[in-house]
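Architecture at a glance
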Amino acid sequence: MTLILGLETSCDETAAAVVADGVSVLSNVVASQHELHEPYRGVVPEIASRAHLERLNPVVREALHEADIDFAQVDAVAVGNRPGLIGSLLVAVSAAKALAWSLDKPLIGVDHVEAHLHAAFLAERRDSSGQRSEIRDQRFPALGLVVSGGHTSLYELTAPTQLTLLGRTIDDAVGEAYDKAAVILDLGYPGGPMLDELAQTGDASACDLPRSLLEKDSLDFSFSGLKTALLYTVRGHPQGKGDKAAFERTADDLTDKQKRDLAASFQAAAVDALVIKMRRAVEQLDIAGRRPKTLIIGGGVSANSLLRRRCRELGDELDIPVHIPAMPYCVDNAAMIAGLAHEKLQRNEIDDLDLPAIATTRV
Ligand code: KG4
Ligand code: ZN
């Protein structure tokens, strides 16, 4: 059994996990910083990196304790080193280097986006059915959709770390659009899960919000038009421009039912756009003779109830198996980092102690 300790601090979750053989999660500890960023309704990078510094050591100790192992049993140290907020990334990258050096174990840098597409194959230790390597070979070529606060991208995967970008958002990421929509509707922070919950009791046909599909063959996404349409629906059209713009109404003027209906209408439009592009990607790959064998979803928005249902329906309709992470592995976590690192360790893809933290990849 190979035990990998994973660390992840790319945004506002301080996370550590121990994963056996790439799929079996022995511990998955996530210290969320939501309460620190809530007053600003968004992540403040300086606050995030300071909080990571304070929290990482206890989180690592907890991950070892829950896995019931000590440092000596760790076979390799993995870290999400790209992409993310640079100050935040540096905390886990520095800690992982120190650990790997002092334990004299391999250091493995992992791409956060690639890791989100590994999350669907993780399982808790007691659920030993974990999607083991036997099915790894039947997974590719795959179509991967990463939907998070920072990314909305479609990839063709030929191996766990061999990704070709097919399309991506040209403006907001879908998670970002959810968070902004939640601000417009005056819901709490983080907005995505709250909007999702509210939408479940609303009428999605109440308001016809736009699905931006771009050109006929495009696999790119755009969510800023949807966000603006929701803003104008809630507040009316602004008088004046920029900071001086005054709206006719505020979210306070909405009834509870109107809020629920608008949340459901927003959710329907956002998810439609994602599913339509997935279907389009499958069609295009099919014509090119590279029909995907599986659909893999990952990232915080893969926790969304409607997206999960619609992706499963799409898979049934196209007769392609769909892999969506269990709920704890949708949002940022270190189990996905440790899990994917196992694939790299097996191929001897090991990093030196000069491993950099990289803020942006795939632009
Ligand atoms: O993957 P993640 O934890 O962090 C990034 O890498 O960005 O994704 C966080 C994003 C946030 O925008 C959050 O609002 C969104 O995922 N999110 C959801 C849901 N749960 C989390 N969006 C819609 N529905 C959800 N249930
Ligand atoms: Zn993420």
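Predicted model only: the values in this text are computed from it and were never measured. (Residues numbered from 1 in each chain as written. Chains lettered and ligands numbered in written order. Predicted model: local features only at pLDDT ≥ 70, side-chain atom pairs only at ≥ 80, totals over all residues. Heavy atoms only, no water.)

**Things to note about the pairing of strand S8 (residues 152-159)**
With seven of its eight residues buried, S8 lies for the most part within the structure. Where strand S7 (residues 142-147) and S8 come together, six bridges link them in antiparallel fashion. Paired with Ala 142 across the bridge in S8 is Leu 157. Between the end of S7 and the start of S8, which pair antiparallel, lie four residues. As paired strands, S8 and strand S9 (residues 162-168) are joined by six bridges and run antiparallel to one another. (Buried < 20%, exposed > 50% of the residue type's maximum accessible area, 1.4 Å probe, protein only. Helix = DSSP H or I, 4+ residues; strand = E, 2+ residues; numbered from the N terminus. Pairing = 2+ DSSP bridges.)

**Here's the deal with the site of ligand 1**
Around ligand 1 lies a shell of 18 residues, among which Gly 149, Asp 179, Gly 300, Asn 304 and Asp 332 are the nearest. Between Asp 179 and ligand 1, the recorded distance is 2.6 Å, taken from a side-chain N or O atom to an oxygen atom. Mapped onto the shell around ligand 1, the elements with two or more residues apiece are helix H4 (112-116), helix H6 (174-184) and helix H7 (191-199). Across the shell around ligand 1, the residue classes tally to five nonpolar, ten polar and three charged. (Near = heavy atom within 4 Å. Polar contact = N/O pair within 3.5 Å; in protein donor to acceptor, adjacent residues only side chain to side chain. Nonpolar A, V, L, I, M, F, W, Y, C, P; charged D, E, K, R; others polar.)

**What to know about the packing of aromatic side chains**
In total, this model carries two aromatic pairs according to the counting rule given. Taking the centre distance of 5.2 Å and the plane angle of 90° together, the rings of Tyr 178 and Phe 266 count as edge-to-face. Of the two residues, Tyr 178 is situated in helix H6 and Phe 266 in helix H9 (residues 256-287); the sequence distance between them amounts to 88 residues. Judged by its relative accessible area of 2%, Tyr 178 is buried. Phe 266 gets classed as buried once you look at its relative accessible area, which sits at 0%. (Phe/Tyr/Trp six-rings, centres within 6.5 Å; stacked < 30°, edge-to-face > 60°.)

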